[in-house]
Amino acid sequence: MYLWVLSGSDFKDLCYMRWIITVLAIGAMLFTAGCASEVVDKEFVVYDCLGYPGKPDLSTDGLSRLKLVYESRLLSDGRIDLEKINSCIAEANEAGIKTISTDIESWYWDESYSNESLKDSLAVIFDVFRKGIEGVSVGNYGIPLGTLNIARYVEEMAGKTDEELMEVLTGSSNRLAAGEVSDVLYPCFYCYGPEIDQWVEDLKITVDYIKKYYPDKKIVGYLWSQYYDWKTSPYYMQFITEEKYLQMLEAAYECLDGVVLWAHGRDADNKTKVSWEDERVQAIYRAIKTFTSRHSITNQHQ
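Here the structure is a predicted model, which is why all the values come from computation and not from measurement.

S.K.: I'd like a rundown of the pattern of salt bridges, residues and numbers included.
M.R.: A complete count under the given rule lists 14 salt bridges for this structure. Across the pair E91 and R73 runs a salt bridge whose closest N-O atoms are separated by 2.8 Å. With E91 in helix α2 (residues 82-95) and R73 in the loop between β3 (67-70) and β4 (75-76), the pair connects residues that are 18 residues apart, well separated along the chain. Accessibility expressed as a relative area gives 30% for E91, which makes it partly exposed. For R73, a relative accessible area of 32% puts it in the partly exposed group. For E279, the salt bridge is made with R286, and the minimal N-O distance between the two is 2.7 Å. Judged by its relative accessible area of 47%, E279 falls in the partly exposed class. The class of R286 is partly exposed, set by a relative accessible area of 33%.

In C-alpha cells, the structure reads:
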C-alpha cells in the first residue's frame, strides 16, 4: 500500500479538478433534460397512417398499427355521437388495435369551446373508448398546441421571436388543457418547406414547451411526408426528399416517444392519388426502412 502526501498546492489542484468534473456533469444533465443531445437506444414507436394506394403491410419494417378516427365518425352535427363511437370501438376490438388517435379539429376553431369545455368534451369521448377497449391508449390529433414551423411562415407572424410565436400558439388556442385527459399527446409537426434545420429547431422548442406542462406524458408527433398545404406556400404539398425525411425522423427520435407517419395520398394538385409505387413515395419508404433498421424499431402489435 502506498501513502501519498499532497502539498498544499496539489490539494488545491485536486479540489479544483473535482469541482470542474462536478460542474460538467451537472451541465450534461441539464442539457439532456429536453431532447437528447445524441441518439441513444430508447423505446420508440412508429405508427403507420400512410394513405398511398397499394401500400403493403409494413409491420415487418417495424411499423405499428394505430386506429385514426376522424371526426365524421365521432360527431353528428358537431355533437358527440355515441352510436358512431361504439361502432369504431367494435372495429378496433375486432382488429385487436389498442392505440386510438381521434381527430376532431373543428372544435379548435369553434369560439364556443374554451380550454375547459374542449377538455371536458374530449374526456367524454376518451372515456367511452376506455370503457369499450381494454388497455386502450387514446388521445386527439393536435393536442396540446398548434405547429410552430407552420406559424413561423404566416405573414402575420413575420418578425416575431420564438417566445412570441409560442405565446400566440397557446394564447389563441383552446387545446392546452385537453392534455390533462389524454393518455398520449399527439402534436402535429408538419413541415412548411425544405429548411429542415429550422424544422428541427422548432421541434425542440415545442417539445420543451410541452414538457413544462406535461413532463410525464408521452409525446407522439404526427409527421407528413409532404410539405404542408399552406395556400400561399411555394412548396405546397411537394414531397419531402429521402435525405430530409430521414433527418426529420432522426430529430423526432431524439425528442419524442414516437411518430405517426401520416399521408392522405394525394399529389400537389390535392386531387390526384399517388400510388405506393411512385418513386417519391418509395424514397420516403427507403428513409423509413433506414431509420427503423438503424434503431432496431419493432412492431408493437397495437
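S.K.: Help me get a handle on the environment of L118, residues and values and all.
M.R.: Mapped onto the elements, L118 comes out in helix α3 (residues 115-132). The spacing of L118 and Y108 is 10 residues in sequence and 8.1 Å in space, taken between C-alpha atoms. In contact with L118, other than residues within four places in its own chain, are W107, Y108, Y113, I143, N174 and A178.

S.K.: Describe unusual backbone geometry, with residues and values.
M.R.: A cis amide bond links I143 with the next residue in sequence, P144, at an omega value of 15°. Within the fold, P144 resides in the loop between β7 (137-140) and α4 (148-151). In this structure, N270 takes a positive phi of about 65° despite not being glycine. You can call N270 partly exposed: its relative accessible area is 29%. Located in the positive-phi region is S296, a residue other than glycine, with phi close to 55°. Along the chain, S296 falls in the segment after α8 (279-294).

S.K.: Break down the packing of helix α6 (residues 196-213) against helix α7 (residues 242-255) for me, with residues and values.
M.R.: α7 packs onto α6 with a crossing angle of 20° between their chain directions and a minimal axis gap of 10 Å. Here α6 lies roughly parallel to α7, going by the angle between them. Considering the relative orientation of α6 and α7, their crossing is right-handed. Contacts between α6 and α7 involve I196, D197, W199, V200, L203, K204 and V207 on the former and, on the latter, K244, Q247, M248, A251, A252 and C255.

Cut-off values and rules
Think of each chain on its own: its residues are numbered from 1, step by step along the sequence as written. Side-chain atom pairs in this predicted model are given and counted only at pLDDT of 80 or more, local residue features only at pLDDT of at least 70, and totals for whole chains, interfaces and linings cover all residues. The side-chain values count all of the structure's non-hydrogen atoms but skip hydrogen atoms and water molecules. Here a salt bridge means any side-chain nitrogen of Lys or Arg lying within 4 Å of a carboxyl oxygen belonging to Asp or Glu. Under the scheme used here, helices are H or I runs from DSSP no shorter than 4 residues and strands are E runs no shorter than 2 residues, and both carry numbers assigned from the N terminus. A simple rule labels every residue: compare its accessible area, found with a 1.4 Å probe on the protein chains alone, to the largest value its type can have, and call it buried under 20%, exposed over 50%, or partly exposed in between. Contacts are assigned to residue pairs that have any heavy atoms within 4.5 Å of one another. Only the contacting stretch of a helix is used when fitting its axis, a line to C-alpha atoms as for every element, and angles between N-to-C directions run 0 to 180 degrees. Here the angle decides the label: under 35 degrees means roughly parallel, over 145 means roughly antiparallel, 65 to 115 means roughly perpendicular, and every other value means oblique. In this scheme the handedness of a crossing depends on how the near helix is turned from the far one: anticlockwise by less than a right angle means left-handed, clockwise means right-handed.

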